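Inside the fold
Given next are the chains, with one letter for each unit.
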Amino acid sequence: MEQILFPILAIAIVVGLYYLAKLLPSQAEYRGRRGEQRVFSILKQLPDEYYIWNDIVLQRNGYFVQIDHVVISPYGIFVIETKNYTGWIYGNDDSDQWTKNMYGYKYHFGNPLKQNYSHVKALASLFCKSVNDFIPIVVFLHGANLRCNTRGKVIYAGQLLDEIYSHRSPVMTPAEVQSLAAILNAAAIETKDTRKEHLNKVYESIGRKNYQIYNGICPKCGGQLVERRGRYGYFLGCSNYPKCKFTTPI
């Protein structure tokens, strides 16, 4: 009897652990959420004339868009992307991926400036405004050492309030601010199913892009990837440069 029960018990444990792992967030998701909460706690220090949203999901053109933070005020619309990474961070405006270097271990992640720009475009479409009416900011938390060469605003969390307060010229009336807030509240979606679908689409896109890169194909335009040497070492770039500026670290 024991010989029969042991394999059944072992299978039950394995199945239980599998489903538990599916339910629990990954370490990366946990770090991301913790980083968003830290930045949200900073944003809550803003006065009442600033309307704040944290971890908001919108559906635009059949796709789900998840935005870490949106702040609407008489002084502008701030769209904030939070990154909770530790180590030296390298990147520029045009590269498709940035690099985190921690004690020689390199990890590549999507360009947060481009990621945040897609959020700006979604909000611009929703509000019927120009992308130039928005103030995109990428925030890295304590532990990151920024070595970025960008025109876009990439700052530390401790600089966030000063950056927001640096915009003090009114561009909207309080009534216009309240109108945009009402539009955003009506459009916001937040359910476990929509979040799961959004993450699945992101992971599917990453997998497809990595497959193309592995086979030497530019995922942006379909051109050939060639090895080049730049300021921070070797990288792959599109053969159609400068028409296509896709790059990825090696």
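Residues numbered from 1 in each chain as written. Predicted model: local features only at pLDDT ≥ 70, side-chain atom pairs only at ≥ 80, totals over all residues. Heavy atoms only, no water.

**Description of the nonpolar core**
Judged by nonpolar contacts, the single largest core of 21 residues is most densely connected at Val70, Ile72, Leu123, Phe127 and Leu184. Every element with two or more residues in this core is listed here: strand 1 (51–60), strand 2 (63–73), strand 3 (76–83), helix 3 (112–127) and helix 5 (174–187). Among residues more than four places away in sequence, those in contact with Leu123 are Leu58, Ile67, Val70, Val79, Phe134 and Leu184. Formed by 18 residues, the second largest nonpolar core is a distinct cluster that contains Leu46, Tyr75, Ile80 and Val139. (Core = buried A, V, L, I, M, F, W, Y, C linked by side-chain atoms within 4.5 Å. Buried < 20%, exposed > 50% of the residue type's maximum accessible area, 1.4 Å probe, protein only. Helix = DSSP H or I, 4+ residues; strand = E, 2+ residues; numbered from the N terminus. Contact = heavy atoms within 4.5 Å.)

**Remarks on the pattern of salt bridges**
Evaluated as defined, the whole model comprises four salt bridges. Across the salt bridge formed by Glu81 and Lys83, the nearest N and O atoms sit 3.3 Å from each other. With its nearest N and O atoms 3.1 Å apart, the salt bridge here joins Asp96 to Lys114. Within this pair, whereas Asp96 is found in the loop between strand 4 (87–90) and strand 5 (97–102), its partner Lys114 is found in helix 3, the two being separated by 18 residues in sequence. The exposure class assigned to Asp96 is buried, which follows from its relative accessible area of 14%. (Salt bridge = Lys/Arg side-chain N within 4 Å of Asp/Glu carboxyl O.)

**Thoughts on the confidence of the model for the chain**
If pLDDT is low for a region, its predicted coordinates should not be looked at in detail. Per-residue pLDDT for the chain has a mean of 83; in total, 79% of the residues score no lower than 70. When mean pLDDT is taken per element in the chain, strand 7 (residues 134–140) scores highest with 98 and helix 1 (residues 2–23) scores lowest with 47. This model gives residues 14–25 a pLDDT under 50, and the stretch forms one contact once residues within four places in sequence are excluded. (pLDDT = per-residue confidence, 0-100.)

**Considering the sheet that holds strand 5**
Strand order in the open sheet formed by four strands is 6-5-4-8, and the pairing between neighbours is mixed. Lying at the two open borders of the sheet, with one neighbouring strand each, are strand 6 (105–110) and strand 8 (144–146). Neighbour-to-neighbour, the strand axes of the sheet open up by a mean angle of 30 degrees, direction not taken into account. Across six bridges, strand 5 lies against strand 6 in antiparallel orientation. Its bridge partner being in strand 6, Met102 is matched across the sheet by Tyr105. (Pairing = 2+ DSSP bridges. Axes fitted to C-alpha atoms, helices over the stretch in contact; angles between N-to-C directions.)

**Comments concerning helix 5**
Here helix 5 is 14 residues long and its end C-alpha atoms lie 20 Å apart, about the 20 Å a rise of 1.5 Å per residue gives. Every buried residue belonging to helix 5 is among Val177, Leu180, Ala181 and Leu184, and all of these are buried. For helix 5, the buried positions fall inside an angular range of 105 degrees around the axis, keeping them on one side. In helix 5, the exposed residues that point more than 90 degrees away from the buried face are Ala175 and Ala186. On its buried face, helix 5 is in contact with strand 1, strand 2, strand 3 and helix 3. (Expected span 1.5 Å × (residues − 1). Arc of directions from axis to C-beta.)

**So, the environment of Arg38**
Relative to the helices and strands, Arg38 is located in helix 2 (residues 27–43). Each C-alpha atom, one on Arg38 and one on Thr82, is 9.5 Å from the other, the two residues being 44 residues apart in sequence.

**Quick look at unusual backbone geometry**
Look at the link from Tyr241 to Pro242: it is a cis peptide, with omega at 10 degrees. Within the secondary structure, Pro242 is located in the loop between strand 11 (233–238) and strand 12 (247–249). Even without a glycine there, the phi angle at Asp55 is positive, about 55 degrees. With respect to the helices and strands, the residue Asp55 is situated in strand 1.

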